[in-house]
Amino acid sequence: MSVNLKQGPFEPLIIAFCCNWCSYAGGDLAGTGRMTYPANVRVIRVPCSSCVSSNFILRAFQRGADGVVVAGCHPGDCHYTSGNYFARRRFLLLQRFLEFLGMEPERFQVHWISASEGNRFAAVMTETTEKIRALGPNRKLRDTR
Amino acid sequence: MRFSYYPGCTLKTTAALLENSALKAARALGIELIEQEKWQCCGAVFPLAALEIAPFLSSVRSLAAAKDTGEKLVTICAACYHVLKRANHVMKTDRDVCTKANNYLQLPEQYRGGTEVIHYLELLRDEVGFPTLARKVKKPLTGRKIAAFYGCLLLRPPAVMQFDNAENPSIMEDFLHALGAAAVDYPYRTECCGVYLSVQNEEIVAEMVAKIINSALSHGAEAIVDACPLCHYNLLELQKKTPQGKSTLPVYYFTELLEEALDLKDKVEEKMAF
Amino acid sequence: MKRIGVFVCWCGTNIANTVNIEAVTEAAGKMPGVVYAGNYKYMCSEIGQSKIKSAIIREKLDRFVVASCSPRMHESTFRKTAAAAGLNPYLVEIANIREHCSWVHKNKGEATAKAIALIRAAVAKAARDKELWATQIPVEHRALVIGGGIGGIQAALDIADAGFEVDLVERTPSIGGHMAQLDKTFPTLDCSACILTPKMGEAASHPKITLYTYSEVEKVDGYVGNFEATIRKKARSVDLEKCTGCGICWEKCPSRVKSEFDEALSMRKAIYIPFPQAVPNVPVIDRASCRWFTREKCGICRKTCPAGAVNFDQEDEVLQKKYGAIVVATGFDVLDLDDFGEYSYGKHPDVLTSLEFERILNSSGPTGGRLLRPSNQSPPKNVVFIQCVGSRDKSRGKPYCSKICCMYSAKHVILFKEKYPEAQAYVFYIDIRTAGKDFEEFHRRAVEEYGALYLKGSAGKVFPDGDKLLVKGVDSLSGHALEIEADMVVLATAIKAKSDAPQLARLLGISTDTHAFFMEAHPKLRPVEAHTAGIFLAGACQGPKDIPETVSQASGAAAKAIVLLSKENLLSDPCVSEVNESLCTGCLACIKVCPYSAITEKTIEEKIHGKALQRRVAEVNVALCQGCGSCTVSCRPGAVNLKGFTNEQIMAEVDAICL
Amino acid sequence: MKITRDNLCSSIVKEIAEISGENVAGCYQCGKCTAACPVNTVMDILPHQVLRFLQLGLVEALLNCNTIWICASCFTCAGRCPRGVDLPGIMEALRLILLRKRGFSRIKAGVIPRVADKGMPEQALVSAFRKYTR
């Protein structure tokens, strides 16, 4: 399901899982700095990128998200020391799995955004939205019930 | 009320109108202005070079003479007020110059700046009082929108002149209110009129005058009033050289309005007003 | 059925300008479980909070959502509001419709739709919130201060004076830091050593302070109240107890090396104390340049030491200690000028950095305080000071202002002119920044009383011209390009973070900014705390600072540490993992991913079909768990859940957003 | 342009300081004097630049500029200067350096009878003589 329910050009729905310490704070900084990015992005706050289960991502696609972003602290800068390393490994696997299912790799992205990178947060969200808008609605994994 | 009075050269010649109206009004208000016996020209500009004493010795003579009579020294001309007050300030604060001046003048008694120099406007405000003045007005200038023009000499430098709030003065407006007129506030009221630049650089002064006149006009003034013969000349004469090419705003000495409000003008003069 | 309240904040116009508050409130009122939805101009205000409290009572709310600014801003505020109204504080959720919505979107329709979606997610999460209770963890009443400059010394003294034990770890052989290198201090021109050395002595003799000089922190484990640090005491090769500091050893030592303390402007020995007032007044052997250690010859120091304190066999000592709080005060470095060839720095001895100039001015410095040109030992008549060398330079240097250069350059001008009243000082500046008590007045004295010619602009090139230096610069105020023949050129070189600051940050689990300065928890409201609880920042390691600022930040950090250390117990965040033992299969995959070793195994007894069976399950130590949630993902049967962020809650959020 | 201590402390710089009694180093070049000056549009060197030139010892340019003759000592600048610099005094000093030279006068021949005829007040003529001649 897309953001605008009305008929019109396709607007993708993007869910971003952001770790509380870096990327969510980076998103806050983007706000404080009034750096605009598309409203298609909806952020879910999690303590660490390592607590984002693949289930959450699959569920998002299943329920109609056109793209999913997981954002965490830069490698080495994890608030919990090592969480993002686990996340990185796990998501590499998930990315391959999604590709295997025939999904465009752009639909699931992992980014490292620090608390001081408000501009990067806005840029990543803008870029992702544009890429997915170009790809069109996601059809894989969708719950058609 | 009795005061020493220093007229100055200009009031005895080209600005006779200023002096006559001021003296007439003073008499009507019961003020006695005793003209100093041997006054000399104040020099028109205050010498700015440190250690130069010769140019203001004449001022010191007048100041000392006033001190001898124990009276405040009243001036009507803004330039004379400026020069006398600054000369007095130097005598009060610069011991070196003071000693030199005294040595040179060989006065019967040493002069150290004891005289108080006041302007005719201050006389009206502080000695007569604007409320009293308002009561004595016979023909109030009700409904007349008049812009006060202060110029430089009364106000600056502020620390020495201490005439009024230099950046936001009110004495002339308060004076106009006392006469029953409406005072027009406009941003150019404390600007420089161009002073003596009109001797050789009329075009510069014309430009400065144009700014002042236009500012007053755009704020609704029907006339402009001043307290300095040179401001008066520049505003009146160089207004004709402004791009409009003619006088658009009548220019008065403040004492002319005083005279009118106190109903001291003879019939012929009255016809000319406004 | 849950009774959820939704409170939408306008944040003045911050939210209300971009988000249709009425539409959002109306939509929220219709969300499942929501029995009340309202809005107010400033929800965080006293009035806003009392509106929430009275709604809780009036509408019998059992949980609520505030749609407002970031939870990082006011989550704790609204949790307190809940507690005040008798609700468990963890039954509160925040929908961030300011930073993540109204501030980043311009289209009101889109922003309103997004705000509704975010609130829907928060409501879905709130519906699954459970009451949570904080647990108590004990506090180790000892502080670790890293860095022995003025910041570290001040923090250590303050904490020790409050009655707590402090370990002060300094990497170099003596405490004192950069301040010990300075000649005079602005704006009072106090002699730097005169005000610093008493503090150094006080730190050394304080019964509650233990100095670890020539030592480094190698590892830090644990968490607030319970850190465990590994400290390496490098082998000094001199016995701290036996040595009397008589100085015979370094007099006799035949190896000469450039002195770090004198910025390489003088030589020191291989066995040395960095400067005469060093604390402790005990030398170290620099083994890399010592003949005994490099060639196994010499040994003069050991032979001559009357106390028999020299010990070539001494080894590094590694100790582990527990701390409740850590203060980081590791200071700064000076920018390397290799990329700034136009100043001829390093090519001509009369071109100096300001820190080098400081040493030349100093009476204990390489020239004994005589200000002479390094090239020919003659007195300089014309000295050109160039400010912003590498500062405010986003191409080759650092984009930030180094903050102290305007003031110390004014100080240098004054000290120079005091020595040579007939000489001329020139200062190239871009802006003069003298925001500090008596700072502007001090700067104006350099200009007006000491006649320094301040030239607005920079110097484009400095090069030798005969026995002088020709400085080509500009005075942008007059529009004149200038040439000045100088005897000496002093470069106000940028301050930068310590080159190994990122490593230390990693070790401590704190973050650094783009320039490797340590990041404070909040730039305005929590300027002395790091993001990690229990770690505090002091001095230039957090950003360029002068001495008074460093000292006040150090005292601030100390005060924060004292607040922590004076507690018997800390309340831990209840948002930690829990194991559902009935689901746990005992695979213990969670133990491998836990960064805090907070998960252990335990054996439980169960009765199955009337038979007692023992089996292995995972158990979370709530004092150690920091709530990252790594374990929840690693758990195959889904037995581990993170309280406050359960799998069910996040799934519900996903569903709500996709609706 | 070469800057040396000799330029900065030349005898003429000292003379200007002596006549005006002002230390030009007091000026920090905020430019308020220029911003406030009612005749800034017709000056070839702006008031704050006059101070800057003096700080740099560039007296020659100042003795050849029209600014010092256009400045009418209205004291608007001095009244507002945050550093309390008496710029009119410095302008006067620059004028005096020239006026004290033998035979120097800024009054153009024939100007006096022309303006006197127009009823210009004595105040103007005396002022002009005091400012333009010696």
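The model shown is predicted, which means the values in this text are computed figures rather than measured ones. (Residues numbered from 1 in each chain as written. Chains lettered and ligands numbered in written order. Predicted model: local features only at pLDDT ≥ 70, side-chain atom pairs only at ≥ 80, totals over all residues. Heavy atoms only, no water.)

1. Notes on the overall build of chain C
Part 1 of the argument: When you go through chain C residue by residue, the secondary structure sums to 18 helices and 36 strands.
Part 2 of the argument: Taken over the C-alpha atoms alone, chain C extends approximately 90 × 70 × 40 Å along its principal axes.
Part 3 of the argument: Looking at chain C as a whole, 57% of its 659 residues qualify as buried.
Part 4 of the argument: Sequence separation of at least 24 residues holds for 69% of the intrachain contacts in chain C that already meet a minimum separation of 6.
Part 5 of the argument: By element, 51% of the accessible surface of chain C is carried by carbon and sulfur atoms, the whole surface being about 27200 Å².
Part 6 of the argument: The distance from the centre of the 81 positive side-chain charges to the centre of the 76 negative ones in chain C is 3 Å. (Helix = DSSP H or I, 4+ residues; strand = E, 2+ residues; numbered from the N terminus. Buried < 20%, exposed > 50% of the residue type's maximum accessible area, 1.4 Å probe, protein only. Contact = heavy atoms within 4.5 Å. Areas by Shrake-Rupley, 256 points an atom, 1.4 Å probe, with all protein chains shown as cover. Lys, Arg positive; Asp, Glu negative; His and termini not counted. Charge placed at Lys NZ, Arg CZ, Asp CG, Glu CD.)

2. What about the sheet that holds strand S11 (residues 215-223) of chain C?
Strand pairs in the sheet, formed through backbone hydrogen bonds, run parallel or antiparallel to each other.
All names here are of chain C.
Part 1 of the argument: Reading across the sheet, the three strands line up as S11-S12-S17 and stay open at both edges, with antiparallel pairing between neighbours. For this open sheet the edge positions go to S11 and strand S17 (317-323), each flanked by a neighbour on one side alone. Ignoring which end each strand starts from, the neighbouring axes of this sheet average 20° apart. (Pairing = 2+ DSSP bridges. Axes fitted to C-alpha atoms, helices over the stretch in contact; angles between N-to-C directions.)

3. Some thoughts on the side chain of Ser192 of chain C
Part 1 of the argument: Tracing the backbone shows Ser192 of chain C in helix H7 (residues 192-205).
Part 2 of the argument: Not counting residues within four places of it along the chain, the set of residues in contact with Ser192 of chain C comprises Met179, Leu182, Asp183, Lys184 and Thr185 of chain C.

4. Observations concerning the sheet that holds strand S2 (residues 41-46) of chain A
Residue and element names in this part refer to chain A.
Part 1 of the argument: A sheet is described by the order of its strands in space; here four strands give the open sequence S2-S1-S3-S4, paired in parallel fashion. Looking along the sheet, the strands with just one partner apiece sit at the ends: S2 and strand S4 (108-112). Sheet twist, expressed as the average angle between the axes of neighbouring strands with direction ignored, equals 20°.
Part 2 of the argument: Note: strand S1 (residues 14-19) against strand S3 (residues 67-72), five bridges, orientation parallel. Within S3, the position partnered with Ile15 by the bridge is Val68.

5. Some words on the state of the cysteines
Part 1 of the argument: A full pass over the atoms with the stated rule returns two disulfides over all chains.
Part 2 of the argument: Considering cysteine sulfurs only, Cys41 of chain B is the nearest to Cys9 of chain B, which forms no disulfide, with 3.5 Å between them.
Part 3 of the argument: Left unpaired, Cys77 of chain D is separated from the closest cysteine sulfur, that of Cys74 of chain D, by 6.2 Å.
Part 4 of the argument: Taking the relative accessible area as the measure of exposure, Cys77 of chain D reaches 16% and is therefore buried. (Disulfide = S-S within 2.5 Å.)

6. Comments concerning the interface of chain C and chain D
The figure often quoted for interface size is the accessible area lost as the parts come together.
Part 1 of the argument: Contact residues are listed per partner, giving 25 residues for chain C and 19 residues for chain D.
Part 2 of the argument: Here chain C and chain D share an interface that buries about 1700 Å² over both sides, 50% of which is from carbon and sulfur atoms.
Part 3 of the argument: Summed over the shared surface of chain C and chain D, the result is five salt bridges.
Part 4 of the argument: The closest approach of N and O atoms between Lys2 of chain D and Glu485 of chain C, which form a salt bridge, is 3.7 Å. (Buried area = accessible area lost by both parts, 1.4 Å probe. Salt bridge = Lys/Arg side-chain N within 4 Å of Asp/Glu carboxyl O.)

7. Some details on the interface of chain A and chain C
Part 1 of the argument: At the interface, 49 residues of chain A touch 43 residues of chain C.
Part 2 of the argument: Taken together, both faces of the contact between chain A and chain C bury some 4000 Å²; the carbon and sulfur share is 62%.
Part 3 of the argument: On the chain A side of the interface with chain C, the three residues burying the most area are Arg42, Arg45 and Tyr80 of chain A, jointly 16% of the side's total.
Part 4 of the argument: Linking chain A with chain C are four salt bridges, by the criterion used here.
Part 5 of the argument: Measuring nitrogen to oxygen at the nearest pair gives 3.8 Å for the salt bridge that ties Arg72 of chain C to Asp28 of chain A.
Part 6 of the argument: Remark: the boundary between chain A and chain C carries 13 residue pairs in polar contact (both at pLDDT 80 or more).
Part 7 of the argument: If you list the elements that add at least two residues to the side of chain A that touches chain C, you get S1, helix H1 (23-32), S2, helix H2 (54-63) and helix H3 (83-100) of chain A.
Part 8 of the argument: No other element matches H1 of chain A, which puts seven residues into the side of chain A that touches chain C.
Part 9 of the argument: Partitioned by chemical class, the residues of the side of chain A that touches chain C number 26 nonpolar, 15 polar and eight charged. (Polar contact = N/O pair within 3.5 Å; in protein donor to acceptor, adjacent residues only side chain to side chain. Nonpolar A, V, L, I, M, F, W, Y, C, P; charged D, E, K, R; others polar.)

8. Digging into the domain arrangement of chain C
Part 1 of the argument: In terms of domains, chain C is made up of domain 1 (4-127), domain 2 (136-234 + 316-331 + 502-571), domain 3 (236-314), domain 4 (334-496) and domain 5 (577-643).
Part 2 of the argument: If you average the C-alpha positions of domain 1 of chain C and of domain 3 of chain C, the two centres end up 67 Å apart. (Domains from an automatic or database assignment.)

9. Details of the environment of Gln239 of chain B
Residues and elements named next belong to chain B.
Part 1 of the argument: Relative to the helices and strands, Gln239 resides in the loop between helix H11 (229-237) and strand S8 (251-253).
Part 2 of the argument: Counting along the chain gives 36 residues from Gln239 to Glu203, while the straight-line C-alpha distance between them is 11 Å.
Part 3 of the argument: Setting aside residues no more than four positions away along its own chain, Gln239 makes contact with Val209, Ile213, Asn234, Lys246, Ser247, Thr248, Leu249 and Val251.
Part 4 of the argument: A polar side-chain atom of Gln239 sits 2.9 Å from the main-chain carbonyl oxygen of Leu235.

10. Remarks on the packing of aromatic side chains
Pairs of aromatic rings are described using the distance from one ring centre to the other and the angle between the two planes.
Part 1 of the argument: Evaluation of the coordinates by the stated rule reveals 23 aromatic pairs over all chains.
Part 2 of the argument: Ring centres of Tyr429 of chain C and Tyr454 of chain C lie 5.8 Å apart, and the angle between their planes is 55°; this geometry places the pair in the tilted category. Taken together, the residues span a long stretch of sequence, with Tyr429 of chain C in strand S22 (residues 424-429) and Tyr454 of chain C in strand S23 (residues 453-456) at a distance of 25 residues.
Part 3 of the argument: Judged by its relative accessible area of 6%, Tyr454 of chain C is buried.
Part 4 of the argument: By way of ring pairs, the aromatic residues Tyr120, Phe130, Phe175 and Phe254 of chain B are connected into one cluster.
Part 5 of the argument: A cation over a ring is seen here: Arg268 of chain C above Tyr272 of chain C, with NZ or CZ 3.7 Å from the ring centre.
Part 6 of the argument: Here the basic side chain of Arg302 of chain C rests over the ring of Trp292 of chain C, its NZ or CZ set 4.9 Å away from the ring centre. (Phe/Tyr/Trp six-rings, centres within 6.5 Å; stacked < 30°, edge-to-face > 60°. Lys NZ or Arg CZ within 6 Å of the ring centre and 35° of its normal.)

11. A closer look at the environment of Leu61 of chain C
Part 1 of the argument: As for its placement among the helices and strands, Leu61 of chain C is situated in the loop between helix H2 (46-58) and strand S3 (63-68).
Part 2 of the argument: Relative accessible area serves as the criterion here: at 5%, Leu61 of chain C is assigned to the buried category.

12. A short note on a nonpolar patch on the surface
Part 1 of the argument: On the surface, a nonpolar cluster with roughly 390 Å² of combined accessible area is contributed by Phe97, Phe100, Leu101 and Leu141 of chain A.
Part 2 of the argument: On the basis of relative accessibility, which here comes to 34%, the residue Leu141 of chain A falls in the partly exposed class. (Patch = residues over 30% accessible without salt bridge, like charges linked within 9 Å, V, L, I, M, F, W, Y side chains within 5 Å.)

13. Structural notes on helix H1 (residues 21-29) of chain C
Residue and element names in this part refer to chain C.
Part 1 of the argument: Turning to H1, its buried residues number three or more, namely Ile21, Val24, Thr25 and Ala28. Seen end-on, H1 carries its buried residues on one side only, within an arc spanning 100°. Set apart from the buried face of H1 by more than 90 degrees, the exposed residues are Glu22 and Glu26.
Part 2 of the argument: Elements that come into contact with the buried residues of H1 comprise strand S1 (4-9), strand S2 (34-40) and helix H5 (108-127).
Part 3 of the argument: Two or three places before Glu22, at the opening of H1, Asn20 has a side-chain oxygen 3.2 Å from that residue's backbone nitrogen. (Arc of directions from axis to C-beta.)

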